[in-house]
Amino acid sequence: MKKSRILGVGHYIPERIVTNNDLSKMMDTNDEWIVNRTGIQQRHWFTPGVDTVNSMSKNASEMALKRAGITSSEIDFIIFATVTPDYFIPGNGVLLQRELGMGTIGALDIRNACSGFIYALSIADQFIKTGMYKKILVVGAEIQSSALDVSDAGRSSSVIFADGAGAAVVGAV
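Residues numbered from 1 in each chain as written. Predicted model: local features only at pLDDT ≥ 70, side-chain atom pairs only at ≥ 80, totals over all residues. Heavy atoms only, no water.

### Quick look at the overall build of the protein
Here's step 1: Summing up its helical and strand segments, the protein has 6 helices and 7 strands in all.
Here's step 2: Listed by position from the N terminus, the elements making up the protein come as β-β-α-α-β-α-β-α-β-α-β-α-β.
Here's step 3: Overall, the C-alpha framework of the protein stretches about 55 × 30 × 25 Å when taken along its three principal axes.
Here's step 4: By residue count, 43% of the 173 residues in the protein fall in the buried class.
Here's step 5: Considering only residue pairs separated by 6 or more positions, the protein has 77% of its internal contacts joining residues 24 or more positions apart. (Helix = DSSP H or I, 4+ residues; strand = E, 2+ residues; numbered from the N terminus. Buried < 20%, exposed > 50% of the residue type's maximum accessible area, 1.4 Å probe, protein only. Contact = heavy atoms within 4.5 Å.)

Shown next, in the form of structure tokens:
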């Protein structure tokens, strides 16, 4: 049986930084309250008209491919984890496939929040072990900030979430 290995990883975070002090202008909170509960001092939120789930995932994927030392044409399959897709249909996996010029390979979207990327890696591992695919691009990307309640009522969760993308090339060894 083949084994799988992460060959390269990549990431992308939007340029827009939102500090705890920025959040204190939107809701009843402060830097000390947030840091004591989460350890977070700042987060990155997307810029409308600039960042999309697809554009962030493309940037993260290009970094992962470069670090793996391969081109997009060597990828056999895409597994994309997000609960904030750019569109309900088509899924972000096929959008990414088009952006990276991959032709007609398979793409699977997983709609699972926090653990989505871990599930995607697990699925990639199984596909590699069975010999179904040799190289799989696994992506997790979210734009959570647009759905956050930044009022006092939402402060317990809105101080935690941010936006960005991560990618890994998983291959057979």
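### Overview of helix α4 (residues 92-99)
Here's step 1: Those residues of α4 lying buried are Asn92, Gly93, Leu95, Leu96 and Gln97.
Here's step 2: Lining the buried residues of α4 we find α3 (53-68), β4 (77-81), β5 (106-110) and β6 (135-143).
Here's step 3: Note on α4: the residue one or two positions beyond its end, Gly101, has a positive phi of about 60°.

### Re the nonpolar core
Where a protein is soluble and globular, its nonpolar side chains tend to be buried together.
Here's step 1: Membership of the largest hydrophobic core comes to 23 residues, with the highest contact counts inside it found for Ile75, Ile78, Phe80, Leu96, Met102, Leu137 and Val169.
Here's step 2: Every element with two or more residues in this core is listed here: α3, β4, β6 and β7 (163-172).
Here's step 3: Element by element, the count of residues in this core is highest for α3, at 6 residues.
Here's step 4: Sequence-distant contacts of Phe80, that is, excluding residues within four places in its chain, are made with Val53, Ser57, Asn92, Gly93, Leu96, Leu108, Asp109, Ile110, Val139 and Ala141.
Here's step 5: Ile79, Ile128, Val138 and Val170 belong to the second largest nonpolar core, which has 11 residues in total. (Core = buried A, V, L, I, M, F, W, Y, C linked by side-chain atoms within 4.5 Å.)

### Some details on unusual backbone geometry
Here's step 1: Put simply, Ile89 and Pro90 share a cis peptide bond, and its omega is -5°.
Here's step 2: Relative to the helices and strands, Pro90 is located in the loop between β4 and α4.

### Observations regarding the pattern of salt bridges
Here's step 1: Tallying each qualifying case throughout the model produces 4 salt bridges.
Here's step 2: Close ionic contact of Lys58 with Glu62 constitutes a salt bridge, the shortest N to O distance being 3.8 Å. Placement of both Lys58 and Glu62 in helix α3 is noted, with a separation of 4 residues, approximately one turn of the helix.
Here's step 3: The exposure class assigned to Lys58 is partly exposed, which follows from its relative accessible area of 24%. (Salt bridge = Lys/Arg side-chain N within 4 Å of Asp/Glu carboxyl O.)

### As for the packing of aromatic side chains
Here's step 1: Taken as a whole and assessed by the stated rule, the structure comprises 3 aromatic pairs.
Here's step 2: Geometrically, the ring pair formed by Phe127 and Tyr133 is edge-to-face, given 5.2 Å between the ring centres and 85° between the ring planes.
Here's step 3: Given the relative accessible area of 16%, Tyr133 is considered buried.
Here's step 4: An aromatic cluster is defined as three or more aromatic residues linked by ring pairs; in this entry it consists of Phe77, Phe127 and Tyr133.
Here's step 5: In this arrangement the basic side chain of Arg155 is found over the ring face of Trp33, its NZ or CZ atom lying 4.0 Å from the centre. (Phe/Tyr/Trp six-rings, centres within 6.5 Å; stacked < 30°, edge-to-face > 60°. Lys NZ or Arg CZ within 6 Å of the ring centre and 35° of its normal.)

### Notes on the sheet that holds β4
Here's step 1: With mixed pairing, 5 strands are arranged side by side in an open sheet as β1-β7-β6-β4-β5. Each edge of the open sheet carries a strand with a single partner, namely β1 (4-12) and β5. Direction aside, neighbouring strands of the sheet carry axes that sit 15° apart on average.
Here's step 2: In this sheet, β7 lies alongside β1 in antiparallel orientation, the contact comprising 8 bridges. Its bridge partner lying in β7, Gly8 is registered against Val169.
Here's step 3: Across the sheet, α4 lies against β4, β5 and β6, angled at about 130° from β4, the strand it touches most. (Pairing = 2+ DSSP bridges. Axes fitted to C-alpha atoms, helices over the stretch in contact; angles between N-to-C directions.)

### Describing the side chain of Ser57
Here's step 1: Relative to the elements of secondary structure, Ser57 occurs in helix α3.
Here's step 2: One polar contact links the side chain of Ser57 to the main-chain carbonyl oxygen of Asn54, over a distance of 2.9 Å.
Here's step 3: With near-sequence residues (within four places) excluded, Ser57 lies in contact with Phe80, Leu96, Val139, Ala141 and Ala165. (Polar contact = N/O pair within 3.5 Å; in protein donor to acceptor, adjacent residues only side chain to side chain.)

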